[in-house]
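# Survey of secondary and tertiary structure
Spelled out from the first residue to the last, the chains are:
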Amino acid sequence: MFVLILLGTTLFLNPNLKTIAAGVAVLLFGMITLEDGFKVFAKGPLKSVLRKATDKLYKSISLGAIVTAIIQSSSLVSVITISFISAGLISLAGGIGLIFGANLGTTATAWLVAGFGLKVKISSLAMPMLIFGIIFSFQKKGSLKGFGNILTGLGFFFLGIHFMKEGFDVFSEFFDLTDYAISGYLGVVIYTGIGILITTILQSSSASLALILTAVSAGQIEYQNALALAIGTNIGTTITALIGSLGTNVSGKRLALAHLIFNLITAVIALTFLNPLSALVDYLSGLLHIKQEDYTLKLALFHTVFNLLGVIVMAPLIKKLESLLIFLVKDHRIKDIDEPKFLNKSALEFPETAISSLEKETKYLFDNAIYEIVAHALNIHRTDITSEMKSKALIKKSQAEIDIDIRDLYVHKVKSIYGKILEFATMAQSELNLSKEQHQRISEIKIANRKMVEVIRDVKELRRNISVYTYADNKYINSEYNNFRRTVVKVLRAINRFKLADSSEYRFEHLLQMRNQAREKSLADNDHINELIRKNLITTDMASSLVNDHDNVDDMIEKLIEVGSLLYGEKDSILEGS
């Protein structure tokens, strides 16, 4: 509120700033619209490319830089990166590489503004972009609408630069900011702080840099002070990222902290070696045939050089940075069930209490961990599964990707409990005087726990392709993966109904029926997949993934049904010997 009041007062007292402020506002709106346009394509090719190119550090850094330079949005790259880390599709180190690359890719904005936006009459280009962009944005097809938003965003982006340039030209007739230029390291410190402040207010380092470049072009800021401002924008953008990360999950916080550490170290290096870096820019300008007095292009070059230097310094330290981030930013979301709730030494006094404790602990683990992991891995909420909604409508509704880190959930929510259940069961079998039936029951509980862990492994593998093919443009592959999700939902619903049923005989019979129906459906689905392959309705990569995941889903369903029978059927395993 204070900032808005200050801005309004400033514009009232100095009307010459209105055009500059309007230019900044139009440019920011253009960047938002541009990002919205690229979001349409983020679920398809962009996510696929980012997911596959993070196995090597040089790939992740290069791709982060290239993608950010093209789409002009480091925030979109950050959102996708956080999503992938949470889903277990890429490692934290790979995500950090993408963020480092994105930081380098943002320097393309400076080149776009300095090399194009301030050199030609871009208002003549902005208008056609806006006209065609608006026309495309009203189309029903998602890709056309996205393309329209991209054109509209670029149009507003260039129009904003035009307004800022016009504003500074008028402003310079009444006021000369160079009269307030400060030399030496005092000037470096002050202008770095101003750069941080501007970026924090605008919430965009790209917009801040565009404003600075426009002011330099109009002769309102001295080149040496502009260098410090550019360094300040790099620091300022991390403050924005940190504020934004407060409402994110642990992956978002770790990446925001990685961004902060990278930009702070880069800024310290740039400030420490400002004069040598400035001399290097002068030398490179000569090689690139940039005129010595072309301060906008030299500022863009400086921005690229010191960010590239930061990547060179930090890239070899990514693994150590990853360990530091995991240590500093711990996941406290699921500590409440990290310890057994029903297992204790006193329960080992009698066979009945030992078995009862094992059953309760295993059921609690299934209901509160396995059920959640499987459902969320399929991008389905648990409350929807337990609702009365038809499965087809449920799948149609559940299209948004749920942020989940399966490996992290397993480590904190399952692994420790699973180990202690096995330890407790082994102690019961070795220390207590058990009947044959009691010994068999404990063995069944151990099998149920092992099957549950195997289900997590299966759903983790399935999740990788669900994140890709559920949102694919190919309707056939999209339909097949939605069918996988629907099949698993039906099994989870059935198990949920069985555990609430009064008759154990009823539960047993229906679990057996469900197992047989699942096997029949598997054969029919297999024939359908063969037909898709024969008719070339899916690519070879899709076919390979589909066949593997079909078998994977079959295994997972068999295991879920067996877990249900072992925990709630109160019968010997219905899958044994049948």
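Notes on the structure follow. Just so it is clear, the structure is predicted and the values come from calculations on it, not from any experiment.

Turning our attention to the overall build of the protein chain. Looking only at helices and strands, the protein chain has 23 helices and zero strands in total. With 578 residues in all, the protein chain has 52% of them scored as buried. Here the analysis covers contacts within the protein chain between residues at least 6 apart in sequence; of these, 77% occur between residues at least 24 apart. For the protein chain, the accessible surface area stands at approximately 26800 Å², while carbon and sulfur atoms represent 62% of it.

What follows covers the pattern of salt bridges. In the structure shown here, the tally under the stated rule is 12 salt bridges. Notably, a salt bridge pairs Lys 319 with Glu 322, separated by 3.8 Å at the nearest N-O pair. Residue Lys 319 and its partner Glu 322 are located together in helix α15 (residues 318-328), separated by three residues, close to a single helical turn. Since its relative accessible area comes to 57%, Lys 319 is described here as exposed. In this structure, the salt-bridge partner of Arg 441 is Glu 444, at a minimum N-O distance of 3.0 Å.

On to the packing of aromatic side chains. Enumeration according to the criterion identifies seven aromatic pairs in this entry. The side chain of Lys 298 reaches across the aromatic face of Tyr 223, ending 5.0 Å from its centre.

This part takes up the nonpolar core. Core analysis: the biggest nonpolar cluster contains 68 residues, and Phe 366, Val 414 and Leu 560 have the highest contact counts within it. Looking at this core, the elements that each hand over two or more residues are α16 (351-377), α18 (391-397), α19 (406-431), α20 (436-469), α21 (475-500), α22 (504-534) and α23 (540-569). Excluding residues that lie within four positions of it along the chain, Leu 560 makes contacts with Phe 366, Val 455, Val 488, Val 491, Leu 492 and Ile 495. Counting residues in each nonpolar core, the second largest holds 47 residues, with Phe 158, Leu 202, Ile 290 and Leu 301 among its members.

With their axes 10 Å apart at the nearest point, helix α13 (residues 274-287) and helix α14 (residues 295-314) run at an angle of 120° to one another. Our classification of the angle between α13 and α14 gives oblique. Every pair of crossing elements has a handedness; the one defined by α13 and α14 is right-handed. Where α13 abuts α14, its residues Leu 274, Leu 277, Leu 280, Val 281, Asp 282, Leu 284 and Ser 285 lie against Lys 298, Leu 301, Phe 302, Val 305, Phe 306 and Leu 309.

Residues spaced three or four apart along an α-helix point in a common direction, a consequence of the helix completing one turn every 3.6 residues. A rise of 1.5 Å per residue sets the reference length of α16, with its 27 residues, at 39 Å; its end C-alpha atoms lie 37 Å apart and thus fit the reference within 8%. Phe 366 marks where α16 bends most, by close to 35°. Most of α16 sits inside the fold, with 19 of its 27 residues counted as buried. Looking one or two residues past α16, Asn 379 carries a phi angle of roughly 60°, positive in sign.

Taken together, the side chains of Leu 280, Tyr 283, Leu 287 and Leu 288 make up a nonpolar region of the molecular surface, amounting to roughly 410 Å² of accessible area. Within the secondary structure, Leu 287 sits in helix α13.

Among the structural elements, Thr 266 can be located in helix α12 (residues 250-272). Looking at Thr 266, its side chain comes within polar contact range of the main-chain oxygen of Phe 262, at 2.7 Å. Once residues within four sequence positions are removed from consideration, Thr 266 is found in contact with Phe 306, Asn 307 and Gly 310.

Along its 26 residues, α21 runs 37 Å from first to last C-alpha, staying within 8% of the 38 Å computed at 1.5 Å per residue. Structurally, the start of α21 carries an N-cap: the backbone nitrogen of Tyr 476 is 2.9 Å from a side-chain oxygen of Asn 474.

Relative to the helices and strands, Lys 298 resides in helix α14. On the basis of relative accessible area, Lys 298 is assigned to the buried category, the value being 3%. Discounting residues that sit within four places of it in the chain, Lys 298 has contacts with Tyr 223, Val 281, Asp 282, Ser 285, Ile 290, Lys 291 and Gln 292.

Calculation notes
Residues numbered from 1 in each chain as written. Predicted model: local features only at pLDDT ≥ 70, side-chain atom pairs only at ≥ 80, totals over all residues. Heavy atoms only, no water. Helix = DSSP H or I, 4+ residues; strand = E, 2+ residues; numbered from the N terminus. Buried < 20%, exposed > 50% of the residue type's maximum accessible area, 1.4 Å probe, protein only. Contact = heavy atoms within 4.5 Å. Areas by Shrake-Rupley, 256 points an atom, 1.4 Å probe, with all protein chains shown as cover. Salt bridge = Lys/Arg side-chain N within 4 Å of Asp/Glu carboxyl O. Phe/Tyr/Trp six-rings, centres within 6.5 Å; stacked < 30°, edge-to-face > 60°. Lys NZ or Arg CZ within 6 Å of the ring centre and 35° of its normal. Core = buried A, V, L, I, M, F, W, Y, C linked by side-chain atoms within 4.5 Å. Axes fitted to C-alpha atoms, helices over the stretch in contact; angles between N-to-C directions. Parallel < 35°, antiparallel > 145°, perpendicular 65-115°, else oblique. Left-handed = near helix turned anticlockwise from the far one by under 90°. Expected span 1.5 Å × (residues − 1). Bend = angle between axes of the 7 residues up to and from the residue. Patch = residues over 30% accessible without salt bridge, like charges linked within 9 Å, V, L, I, M, F, W, Y side chains within 5 Å. Polar contact = N/O pair within 3.5 Å; in protein donor to acceptor, adjacent residues only side chain to side chain.

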